[in-house]
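Coordinate analysis (summary)
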Amino acid sequence: MSLIVILTGAGISAESGVDTFRDSGGIWSRYDFRKVATPEGFAANPTLVHQFYNDRREQLSLVEPNAAHHALARLEREYRGSVVVITQNIDNLHERAGTKNLIHMHGELCKALCVRCKKRFEWEGPLSAFDNCPNCGHSGCLRPDVVWFGEMPYHMDIIEKMLIHADMFVSIGTSGSVYPAAMFVEVASGNGARTVELNLECSEVSELFDERIKGRATEIVPPFVDALLAGELNG
Ligand code: BJW
């Protein structure tokens, strides 16, 4: 049975109103990533980092999954083989669109992680340096459950297995500038997968793909899914 592995990045959520990182006006043009997305930044100023993620968590309640998220959920429901979505995004738009077979490799905005007892909790509201851990009861030990620079992305063992067994690897809306996600195309391709990139513009790793489709995610993902379901792309 055929396996399609799909990697998504900030570009798939852009048309829902979620900011990307490296486009002009993106998050890293307004924030220094060293201050808000590294363990060192969090240790130096937890209040700043909590505020950064609290604002983004609040923004999530104002946005909806778009046609690209819905198309991938439909692919999972209707494809005769297997589909897995690996997302770098910490938003919850894939699951809200109905995707079930989903791996959040950079964590989730709506979860908190206790650095003392290592338990994770669903967390919808603001998080602060003064909250108590619901499990161990200590204060000041909760952090957003996201993967910062210098930290190991989640679920790498299962991701590696998926990439090795993929028949098709599809990358959607990612600049290919952050590792290890940027090297997934090489792993999948090296193990025989056909590779396709769907993105607004060329990424850092575009030349490594067998095929490139340029455009907005909401415009190019639904017809791509239609073609896969019609068997036109031999997924
Ligand atoms: C559209 C669109 C529309 C717009 N339609 N498209 C040298 C070599 C190798 C590694 C390193 C290195 N130097 C440093 C490293 C390590 C570092 C790294 O990669 N640094 C780079 C800057 C070089 N990586 C790490 O530290 C990672 N950990 C790690 O490597 O551990 C060791 C390890 C080794 C080997 C195996 C396994 C592990 C951890 C990385 C953590 C990234 N964290 C962040 C922030 C936290 C979460 C959050 O706050 O949200 O994750 S950074 C940020 O970038 C976020 C994203 O998930 C990630 C990727 O960004 P993404 O999704 O690609 O967004 P953009 O904005 O860059 O691109 C958007 C794209 O969409 C663009 O191309 C647009 O054109 C397109 N687009 N609108 C379609 N409508």
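Residues numbered from 1 in each chain as written. Predicted model: local features only at pLDDT ≥ 70, side-chain atom pairs only at ≥ 80, totals over all residues. Heavy atoms only, no water.

If you check helix α5 (residues 46-60), its first and last C-alpha atoms are 21 Å apart, about what 15 residues at 1.5 Å a residue would give, namely 21 Å. For α5, the set of buried residues is V49, H50, F52, Y53, N54, R56, R57 and L60. Of the surrounding elements, those touching the buried residues of α5 are α2 (27-30), α3 (33-36), α4 (39-44), α7 (93-97), β4 (107-114) and β6 (142-146). (Helix = DSSP H or I, 4+ residues; strand = E, 2+ residues; numbered from the N terminus. Expected span 1.5 Å × (residues − 1). Buried < 20%, exposed > 50% of the residue type's maximum accessible area, 1.4 Å probe, protein only. Contact = heavy atoms within 4.5 Å.)

Turning to the sheet that holds strand β5 (residues 120-122), a few remarks are in order. In sheet architecture, strand pairing relies on hydrogen bonds along the backbone and comes in two forms, parallel and antiparallel. Reading across from one edge, β5-β4-β6 is the order of the 3 strands in this open sheet, with antiparallel pairing throughout. Edge positions in the sheet fall to β5 and β6, since each of these pairs with one other strand and no more. For this sheet, the mean inter-axis angle between neighbouring strands, taken without regard to orientation, is 45°. Inspection of the sheet shows β4 paired to β6 by 5 bridges, in the antiparallel sense. Bridging from a neighbouring strand, C114 pairs with L142 of β6. Sitting on the sheet, α5 touches β4 and β6, and the angle it makes with β4 is about 135°. (Pairing = 2+ DSSP bridges. Axes fitted to C-alpha atoms, helices over the stretch in contact; angles between N-to-C directions.)

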